[in-house]
Amino acid sequence: MHDTPPSVPDFTQWPSFPFEGDLRVKQLDDPVPVEPPRKGEGLRECTACNAPDDAYIWVGERWRVRAMDRPTGLPMVLILESRTHLDLGDLPNLLAAELGVMTVRLERAIRSLDGVARVHVNRWGDGSAHLHMWFLARPYGRLQLRGTFLSLWDSILPPISEAQWRENLALVAAWLAEFGGRPLAEPPRIQWQAPSSLLAQSAAADAAAAAAAAISVIEAAEEIPEPAPDANSGTDPNGDTDIDGDIDGDTDTGSGTTHSSATTDPTTGTTTATSTGPATERTTEPATKPADGPAPDPADATDADATHSRTAAAGTPPTGSFSTSKDVPTAR
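Residues numbered from 1 in each chain as written. Predicted model: local features only at pLDDT ≥ 70, side-chain atom pairs only at ≥ 80, totals over all residues. Heavy atoms only, no water.

Q: Hey, could you run me through helix α4 (residues 162-177) in this one?
A: Along an α-helix, residues three or four apart share an orientation, since each turn contains 3.6 residues. Helix length check: α4 (16 residues) gives 22 Å between terminal C-alpha atoms against 22 Å at 1.5 Å per residue, within 8%. Among the residues of α4, W165, N168, L169, A170, V172, A173 and L176 are the ones counted as buried. Check the buried side of α4 and you find it contacts β1 (58-59), β2 (63-67), β3 (77-82), α2 (93-111) and β6 (182-183). (Helix = DSSP H or I, 4+ residues; strand = E, 2+ residues; numbered from the N terminus. Expected span 1.5 Å × (residues − 1). Buried < 20%, exposed > 50% of the residue type's maximum accessible area, 1.4 Å probe, protein only. Contact = heavy atoms within 4.5 Å.)

Okay, here's the thing in structure tokens:
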């Protein structure tokens, strides 16, 4: 006689349930006699204990706060960890009291961000024996995301922009640093770009963001009982563009080709050499003076000097120059 699968629970009809269509409940496996060790138990190394401080956005004497390695669908997802390798039930009274203070403090910091309505605080601990508390920010106005399925929606929603994500991390780290500790998250750097390259850079950034596979709360290694493969996919190119729009950042100097020519005045017999380069044109003094020719007219020299003086007084701006007050915005 075959077992009758259980009926679908009522919460599949809730507005916050992220799936629809025909669903069926999996068959429940038989219980195992001995559960496998978590990370940090037995001979398995602890990821949190081996992580350096620079992998976190804020560090203190007894607590550290870290984020996911890239933006996800929620405005903010953070993890509060103890420095000491203890689980929740193993905390001494001092750390237990500080855990309450840190929970309230971090919840307030995340809730102060723009576009955050609520902060969900969760603790699972089936993947790691090191205490870690999850803080999930629900977007303001997204009523369908209310309740217990927020962690599922995190991997369904499109990721937020990396610039907004890094700015949020820096704000939370600075908020926590007001009470002590050291903030390690910094706001995104402003990358000035030539106007002609803005469209190309924006398209490249959008393509890279779409290609990157976001790691959500459910897919995090700390909550997966079995070891997960490394999800790092390499580093993303910087893609900076300098002020003249060159991708390589070099300064254009021209081809360097120089053309020379010589002309002779049939009246005076004076030979003039002319050299023309990629950016300048120069005319030299007469190369030879005829022995029997007439002397130069002083009036011609006076006119030439006057012309040279007017040109020097007016000045000629260099090729490719730009005004810093118009072309390059000033950072505020």
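Let's pick the thread back up.
Q: What am I meant to see in the pairing of strand β5 (residues 132-139) here?
A: Within a regular beta strand, the side chains point alternately toward one face of the sheet and then the other, so they alternate between its two faces. Among the 8 residues of β5, 8 are classified as buried, and the element is accordingly described as predominantly covered. Residues H132, W134, L136 and R138 of β5 are buried on one face, and the alternating residues M133, F135, A137 and P139, pointing to the opposite face, are buried as well. Across 6 bridges, strand β4 (residues 116-122) lies against β5 in antiparallel orientation. The residue bridging N122 from the neighbouring strand is W134, located in β5. (Pairing = 2+ DSSP bridges.)

Q: Looking at this structure, I do not really get the sheet that holds β2. What am I missing?
A: In sheet architecture, strand pairing relies on hydrogen bonds along the backbone and comes in two forms, parallel and antiparallel. Strand order in this open sheet of 6 strands is β4-β5-β3-β2-β1-β6, and the pairing throughout is antiparallel. The sheet is open, and its two edges are formed by β4 and β6, each paired on a single side. α2 rests against β1, β2, β3, β4 and β5 of the sheet, and its axis sits at about 155° to β4. (Axes fitted to C-alpha atoms, helices over the stretch in contact; angles between N-to-C directions.)

Q: Looking at this structure, I do not really get the environment of F19. What am I missing?
A: Turning to its location among the elements, F19 is positioned in the segment before α1 (47-50). Residue F19 is classed as partly exposed on the basis of its relative accessible area of 44%. For the pair F19 and L152, spaced 133 residues apart in sequence, the C-alpha to C-alpha distance is 9.9 Å. With residues near it in sequence (within four places) discarded, F19 still touches L152 and I156.

Q: Please explain a nonpolar patch on the surface as it appears in this structure.
A: Among the surface-exposed residues, V8, F19, L23 and I156 lie close enough to one another that they form a single nonpolar patch of about 320 Å² accessible area. Summarising the element assignment, V8 is placed in the segment before α1. Judged by its relative accessible area of 35%, V8 is partly exposed. (Patch = residues over 30% accessible without salt bridge, like charges linked within 9 Å, V, L, I, M, F, W, Y side chains within 5 Å. Areas by Shrake-Rupley, 256 points an atom, 1.4 Å probe, with all protein chains shown as cover. Salt bridge = Lys/Arg side-chain N within 4 Å of Asp/Glu carboxyl O.)

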